[in-house]
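Now for the letters of each chain:
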Amino acid sequence: MWSLYALTILAGLANAIQPGQNATLSKSLGLPVTAALLTLLVSTAALLAGGLALGKLEMPTGQQLGQVPWWAWLGGFLSVLLILAQLYASPAIGAATFLGIIVTVGVLASLVLDHFGWIGFQVHPASLWRVAGAVLMVIGVGLVAIF
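Just so it is clear, the model here is predicted, and its values are computed rather than measured.

(A) Representation of the overall build of the chain. Secondary structure assignment for the chain yields 6 helices and 0 strands. In the chain, which comprises 147 residues, the share counted as buried stands at 14%. By sequence separation, contacts in the chain at least 24 residues apart represent 52% of the contacts at least 6 residues apart. In the form shown here, the chain has an accessible surface area of approximately 10800 Å², with 76% of it arising from carbon and sulfur atoms.

(B) How the structure looks around the side chain of glutamine 86. Its location among the elements puts glutamine 86 in helix α4 (residues 75-93). When its relative accessible area of 0% is taken as the criterion, glutamine 86 is described as buried. One polar contact links glutamine 86 to glutamine 18, side chain to side chain, over a distance of 3.2 Å. Setting aside residues no more than four positions away along its own chain, glutamine 86 makes contact with Gln18, Pro19, Asn22, Ala23, Pro91 and Phe98.

(C) Representation of unusual backbone geometry in the model. Phi angles above zero are rare outside glycine, and isoleucine 119 is one such case at about 45°. Overall, isoleucine 119 belongs to the partly exposed group, its relative accessible area being 45%.

(D) Molecular detail of the packing of aromatic side chains. Summed over all chains, the structure comprises 2 aromatic pairs. Relative to tyrosine 5, the ring of tryptophan 2 has its centre 5.9 Å away and its plane inclined at 50°; by these criteria the two rings are tilted. Linking tryptophan 2 with tyrosine 5, this pair stays in helix α1 (residues 2-29), spanning 3 residues, or about one helical turn. In this structure tyrosine 5 comes out as partly exposed when scored by relative accessible area, which is 48%.

(E) Main features of the side chain of asparagine 22. Here asparagine 22 shows up in helix α1. Setting aside residues no more than four positions away along its own chain, asparagine 22 makes contact with Thr39, Gln86 and Leu87.

(F) Structural detail: α1. Compared with the 40 Å implied by 1.5 Å per residue over 28 residues, the 40 Å span of α1 between its first and last C-alpha is a close match. The complete set of buried residues in α1 reads Pro19, Asn22, Ala23 and Ser26. In the core, the buried residues of α1 are packed alongside α2 (32-54), α4 and α5 (95-116). Positive backbone phi, approximately 70°, marks glycine 30, located one or two places after α1.

(G) Structural detail: the packing of α1 against α4. Across the interface, α1 lies against α4 with an axial gap of 8 Å and an inter-helix angle of 100°. When the interaxial angle is binned, α1 and α4 end up roughly perpendicular. Here Gln18, Pro19, Asn22, Ala23 and Ser26 of α1 come into contact with α4, specifically with Gln86, Leu87, Ser90 and Pro91. Considering only residue class, the contact of α1 with α4 consists of 4 nonpolar, 5 polar and no charged.

(H) Spatial organisation of the pattern of salt bridges. Inspection of the entire model under this criterion finds 1 salt bridge. In this structure, the salt-bridge partner of arginine 130 is aspartate 114, at a minimum N-O distance of 3.2 Å. Taken together, the positions of arginine 130 in helix α6 (residues 128-146) and aspartate 114 in helix α5 put the pair 16 residues apart, joining distant regions of the chain. Given a relative accessible area of 32%, arginine 130 falls into the partly exposed group. The buried category is assigned to aspartate 114, whose relative accessible area is 13%.

Parameters at a glance
Residues numbered from 1 in each chain as written. Predicted model: local features only at pLDDT ≥ 70, side-chain atom pairs only at ≥ 80, totals over all residues. Heavy atoms only, no water. Helix = DSSP H or I, 4+ residues; strand = E, 2+ residues; numbered from the N terminus. Buried < 20%, exposed > 50% of the residue type's maximum accessible area, 1.4 Å probe, protein only. Contact = heavy atoms within 4.5 Å. Areas by Shrake-Rupley, 256 points an atom, 1.4 Å probe, with all protein chains shown as cover. Polar contact = N/O pair within 3.5 Å; in protein donor to acceptor, adjacent residues only side chain to side chain. Phe/Tyr/Trp six-rings, centres within 6.5 Å; stacked < 30°, edge-to-face > 60°. Expected span 1.5 Å × (residues − 1). Axes fitted to C-alpha atoms, helices over the stretch in contact; angles between N-to-C directions. Parallel < 35°, antiparallel > 145°, perpendicular 65-115°, else oblique. Nonpolar A, V, L, I, M, F, W, Y, C, P; charged D, E, K, R; others polar. Salt bridge = Lys/Arg side-chain N within 4 Å of Asp/Glu carboxyl O.

Here's what the structure looks like:
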């Protein structure tokens, strides 16, 4: 279990660093959409290399593909949205405000997803303490954005 927390911490660090890297790529090239595509190509190459190296890369069967809910295919579109926000919004509003908004909105949305058990998550009721924590995050990101 600790390895999953460590992986999550590393992902959090990557989430803080990646917008600056992607925005710099975009600014250096002067081509934001091309920079976004290059970012996704590097991600694809990294996943391909890692999957091959670990022996974890397999082609799904037609039956497996047919069992995927329609909405599960939309994750790639959401990745594009996040990358475009990194390219356009993060340089203008700053790393702390950008990440604060991303994380806080993610927590608010996750409370709803958990509460109702939507899109494959187990039900975790939105208790008073969970909602209070989310409200404190909204206040915190507001302070980071203002000051």
